[in-house]
Amino acid sequence: MIINRFLGIFSAICIALAACGAAHAQTFIVNEYTQSEIVAETDAFVPGETTWFALRQELRAGWHVFWTNPGDAGLPLELDWVLPEGFAAGDVLHPIPEYIPVGPLASYAHEGEPVFLVPVHVPDDANIGDTISVTVDAAWQTCEEICVPESGQFSFELSIKRTSEINDAYADLFSDARSKLPENYAGNANFVAEGSGYDLVLSDFEGGSIREAFFFAEPEGLIEPSAEQTLSIVDDTLRLSLKPGWLERFEKKSLEGVLVFDSASSGQKGFALSAT
């Protein structure tokens, strides 16, 4: 088993090196509690288009890394991209978060083998034929009963071409990662103060027969991470009662977050929403 695991890791490194076209690429990093790999979806940058990258992490059993809002404690994944002028890396897209109890507290996190997606926009005037050197400084916390800071630096090269082709070796990785992203909620969502608490209200909700639901708010401290959230559904309106956290004032015009729920028909599902 150890030999097979080593061969699997070695193969992944070789594929990543070939995909990124760099003789001295560093696309695979081993830390004490995580193994991390970065790969490109296509074999080249194309002027005016977006190239997607995936950062896959394999965590030690029982350990987790954090979502955008880590919950009661923790630090989420941070990526610092070093790119030529005109290139721009977008926000990290996380899979649907998990609620992980840690004693009386709670983590909003990911276990197992989470895959994070990042878009990189290529400028219209990028020179075809050039080879682009990319460096990504990555930092995150891995936690079980204790939290450990981990980090690494990825480096690779990718050429600029008129057209690009999908890296077949990673097609399933990207497809699976996209299937685990929350869907954008198309209905109306409202966030209102009710007495001493908050209510998240979704109208025109079509989630099927829901057994339970949990709202992961992006702003830290707005919602008490470990508090129970009370669900009610009347006709096609879903209402989730939330306990306020330590954040005294919330002045943004909309609240971003992910509603995760289990339904009898479709299992677990997540909606990314913006509540006003």
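Whatever comes next refers back to the structure up there.
Calculation criteria
- Residues numbered from 1 in each chain as written.
- Predicted model: local features only at pLDDT ≥ 70, side-chain atom pairs only at ≥ 80, totals over all residues.
- Heavy atoms only, no water.
- Helix = DSSP H or I, 4+ residues; strand = E, 2+ residues; numbered from the N terminus.
- Contact = heavy atoms within 4.5 Å.
- Buried < 20%, exposed > 50% of the residue type's maximum accessible area, 1.4 Å probe, protein only.
- Pairing = 2+ DSSP bridges.
- Axes fitted to C-alpha atoms, helices over the stretch in contact; angles between N-to-C directions.
- Salt bridge = Lys/Arg side-chain N within 4 Å of Asp/Glu carboxyl O.
- Disulfide = S-S within 2.5 Å.

(A) View of the environment of Gln268. Mapped onto the secondary structure, Gln268 falls in strand S19 (residues 267-275). In sequence terms Gln268 and Asn69 are 199 residues apart; their C-alpha atoms lie 20 Å from each other. If sequence neighbours within four positions are ignored, Gln268 has contacts with Ile96, Val260, Phe261 and Asp262.

(B) Representation of the pairing of strand S4 (residues 64-71) in the model. By the criterion of burial, S4 is predominantly enclosed, with seven of the eight residues buried. By the bridge criterion, four bridges tie S4 to strand S8 (residues 105-111) in an arrangement that is antiparallel. If you follow Phe66 over to S8, its bridge partner there is Ala109.

(C) The arrangement of the sheet that holds strand S6 (residues 88-89) in detail. Across the sheet, which stays open at both edges, the five strands sit in the order S1-S2-S3-S9-S6 with antiparallel pairing between neighbours. Only two strands of the sheet have a single partner each, and these edge strands are strand S1 (28-30) and S6. Here helix H2 (residues 171-179) sits on the sheet in contact with strand S2 (34-40), strand S3 (50-59) and strand S9 (115-121), set at roughly 85° to S3.

(D) Representation of the pattern of salt bridges in the model. By the definition in use, this model includes nine salt bridges. For the salt bridge of Arg239 with Asp199, the shortest nitrogen-to-oxygen distance reads 2.8 Å. Here Arg239 is found in strand S17 (residues 237-242), whereas its partner Asp199 is found in strand S14 (residues 197-203), with 40 residues between them in sequence. Within the structure, one salt-bridge network assembled from shared partners comprises Glu37, Arg56, Glu58 and Glu113.

(E) Expanded view of the state of the cysteines. Taken as a whole, this structure holds one disulfide when the rule is applied. The side chain of Cys143 participates in a disulfide bridge whose partner is Cys147; the two sulfur atoms lie 1.9 Å from each other. With the S-S bond torsion at 115°, the cross-link from Cys143 to Cys147 turns out right-handed. We classify Cys147 as partly exposed; its relative accessible area is 41%.

(F) Representation of the environment of Val92 within the structure. Tracing the backbone through its elements, the reader meets Val92 in the loop between S6 and strand S7 (98-102). Once residues within four sequence positions are removed from consideration, Val92 is found in contact with Leu77, Leu79, Phe116, Leu117 and Val118.

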